[in-house]
Amino acid sequence: MDDRLIGIALLGSTGSIGTQTLDIVRRFPDRIKVVALSAHNSTELLKSQIEEFKPKFFNCSNLSMKLENGMVGEAKQCSYEDMVTDDEVDLVVTATVGDVALVPTICALQAGKNVALANKESIVMAGEMLIQIARTNNSKILPVDSEPNAIWQCLRGEGKSISKLFITASGGAMRGMTDMEKKKITPELALQHPTWTMGPKITIDSATLMNKAFEVIEAKWLFDVGWEQIEVVIHPESMIHSMVEFEDGSVKAQISPPDMKLPIQYALLYPDRIFNPDLARFNPVKLGSLNFESVNFNQYPCFALGLDYGSRVGTSPAVLCGADEMAVESFLKGAINFSDIPVVIKEALQAYQPVVGKTPEDYLSAAAWGRSKVAGIINLK
Ligand code: MG
């Protein structure tokens, strides 16, 4: 086998990041081979992906129920644990939503596999645990999310001289709206992100800025900096994906038109940078200007909540993830208003008694507690 050929297990292959990861595989078939695919609900799309990429393994509970022999073509149904630790897998791409990726991520890191992490919830819930497991097993967590991916790119060739990280935020679909306007926001409106095309959960998290709080937590664990060294700035053009200030005051920024395929490709083909005709180029003159402003905490209550509870030790960050997941799901179903999202999350967090997280199950049960607490609060309203 060509030693430059990377075998991937792709968890969440039918979602936004999953399908874009497969676009990168289509572009570079001599560099990336799909060993395993998994999906949740989109069985037809998964089947067509299996036919096209011919993986060794797949996982999909909905599809498995309909199969007599557990096979789709030559692909064999297999547990997450077995697929991520298979000998042919070099890199596990976690592109799922929610906490389903936590245990497979741990299994992969324990087996010495690198993990291209697109799933934020795992690292928000159990960041310290994941970093320790990676360190002990000599495996790496490679960030796919555009902001930590930008920081990773800026740190290339640098020593340990970070003075500050600037994480940029577009401000989401509701930037500049009044409280009254926010009350009337429909799910359809909130799902229209100004600069990025993403899955529904993360688009709502971007509108509330909970997503940005999660990225601060992600950056803290990935780059081993203090909380006070991370600053979030609103940058409506989404061209600068993040910046690193070094001890001497010099700042490096990673700039490119907003397209997740670039950070995905960087994580998959690292350390190589290869021409991809699908990716648009940055044109400074055409763009004209880049703008920045500070975050107004009053305008984004989820951001303040996320930073507060997400930076706590123990299982509070996991409850935050679970509570946010249920609040966003309820908003998308029309059960609560947009402005109720931070209210129900806060109520759940305030009712919670955190414990020290010792096992993955401690974090998963805390997230489940957060989900059911928010569901209960909404039912009472
Ligand atoms: Mg991001």
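See the structure printed just above.
Here the structure is a predicted model, which means the values were calculated and not measured. (Residues numbered from 1 in each chain as written. Predicted model: local features only at pLDDT ≥ 70, side-chain atom pairs only at ≥ 80, totals over all residues. Heavy atoms only, no water.)

> Looking at this structure, I do not really get the pattern of salt bridges. What am I missing?
Charged atoms that come close allow side chains of opposite charge to pair. In total, this model carries 23 salt bridges according to the counting rule given. Among the salt bridges present, the one from Arg26 reaches Glu52, with a minimum N-O distance of 2.7 Å. Linking Arg26 in helix 1 (residues 16-27) with Glu52 in helix 2 (residues 43-53), this pair joins segments that are 26 residues apart in sequence. Three or more residues joined by partner-sharing salt bridges are found here, namely Lys120, Asp145, Glu147, Lys212 and Glu215. (Salt bridge = Lys/Arg side-chain N within 4 Å of Asp/Glu carboxyl O. Helix = DSSP H or I, 4+ residues; strand = E, 2+ residues; numbered from the N terminus.)

> Would you mind showing me how to read the sheet that holds strand 12 (residues 251-255) here?
Two pairing modes exist for strands in a sheet, parallel and antiparallel, and in both the strands are linked by backbone hydrogen bonds. With mixed pairing, the 5 strands of this open sheet are ordered in space as 12-11-9-10-13. Unpaired on one side and paired on the other, strand 12 and strand 13 (293-294) mark the two borders of the sheet. Bridge count for strand 9 (residues 162-169) against strand 11 (residues 240-246) is 5 bridges, and the pairing is antiparallel. Considered in strand 11, the bridge of Lys164 is made with Glu245. (Pairing = 2+ DSSP bridges.)

> Could you clarify how one ought to interpret the layout of surface pockets in this entry?
Using a probe with the size of a water molecule, rolled over the atoms, empty space left in the structure can be pinpointed. Approximately 810 Å³ is the volume attributed to the second largest pocket. Residue lining of the second largest pocket: 21 residues in total, with Trp152, Leu155, Lys160, Leu222 and Phe223 positioned closest to the centre. Of all the secondary-structure elements, those providing two or more residues to the lining of the second largest pocket are helix 6 (120-137), strand 8 (141-143) and helix 11 (210-223). Taken together, the residues of the lining of the second largest pocket sort by class into 12 nonpolar, 3 polar and 6 charged. (1 Å grid on protein atoms, 1.4 Å probe; cavity = no way out; pocket = protein on both sides within 12 Å on 5 of 7 lines; lining within 4 Å. Points joined across faces, edges and corners; volume = space filled by probe spheres on them. Nonpolar A, V, L, I, M, F, W, Y, C, P; charged D, E, K, R; others polar.)

> So what exactly am I meant to see when it comes to the coordination of the magnesium ion here?
Each pair of donors in an ideal four-coordinate tetrahedral metal site encloses 109.5 degrees, whereas pairs in an ideal six-coordinate octahedral site enclose 90 or 180 degrees. Taken together, Asp145 (OD), Glu147 (OE) and Glu215 (OE) make up the full set of protein donors to the magnesium ion, lying 2.1 to 2.3 Å away. Of the residues examined, Glu147 reaches a relative accessible area of 7% and is grouped as buried. (Donors = N, O, S within 2.8 Å, 3.2 Å for Na, K, Ca; no water. Buried < 20%, exposed > 50% of the residue type's maximum accessible area, 1.4 Å probe, protein only.)

> So what exactly am I meant to see when it comes to helix 16 (residues 341-350) here?
Along an α-helix, residues three or four apart share an orientation, since each turn contains 3.6 residues. Regarding helix 16, the residues found buried are Ile341, Pro342, Val344, Ile345, Ala348 and Leu349. Seen end-on, helix 16 carries its buried residues on one side only, within an arc spanning 165 degrees. For helix 16, the secondary structure elements touched by its buried residues are helix 10 (200-208), helix 11, helix 14 (301-310), helix 15 (316-332) and helix 17 (360-380). (Arc of directions from axis to C-beta. Contact = heavy atoms within 4.5 Å.)

> Mind showing me how you'd approach unusual backbone geometry here?
When glycine is set aside, most residues are seen to have a negative phi, and most peptide bonds are trans. Between Tyr270 and Pro271 the backbone carries a cis peptide bond, its omega angle lying at 10 degrees. For Pro271, the location among the structural elements is in the loop between helix 12 (261-269) and helix 13 (284-287). The residue Asn138 is not glycine, and still its phi comes out positive at about 55 degrees. On the secondary structure map, Asn138 appears in the loop between helix 6 and strand 8.

> Please explain empty space enclosed by the protein as it appears in this structure.
Tallied over the entire structure, the rule returns 1 cavity of 30 Å³ or more. By volume, the largest cavity amounts to about 50 Å³. What lines the largest cavity is simply Ser146, Asn149, Gln153, Trp196, His241, Gln254, Ser256, Pro257, Asp259, Leu262 and Pro263. Listing elements by their share of the lining of the largest cavity, those giving two or more residues are helix 7 (146-154) and helix 12. No other element matches the 3 residues that helix 7 contributes to the lining of the largest cavity. Of the residues assigned to the lining of the largest cavity, the class counts are 4 nonpolar, 6 polar and 1 charged.

> Hey, could you run me through the pairing of strand 7 (residues 114-117) in this one?
A regular strand places its side chains on the two faces of the sheet in alternate fashion. As paired strands, strand 6 (residues 91-94) and strand 7 are joined by 4 bridges and run parallel to one another. Within strand 7, the position partnered with Val93 by the bridge is Ala116. With helix 5 (residues 102-110) bridging strand 6 and the parallel strand 7, this β-α-β connection has right-handed handedness. Here strand 7 pairs with strand 8 via 3 bridges, running parallel. Bridging across to strand 8, Ala116 finds its partner in Leu142. As a crossover connection, the stretch from strand 7 through helix 6 into strand 8 is right-handed. (Right-handed = clockwise from strand over helix to strand, strands pointing away.)

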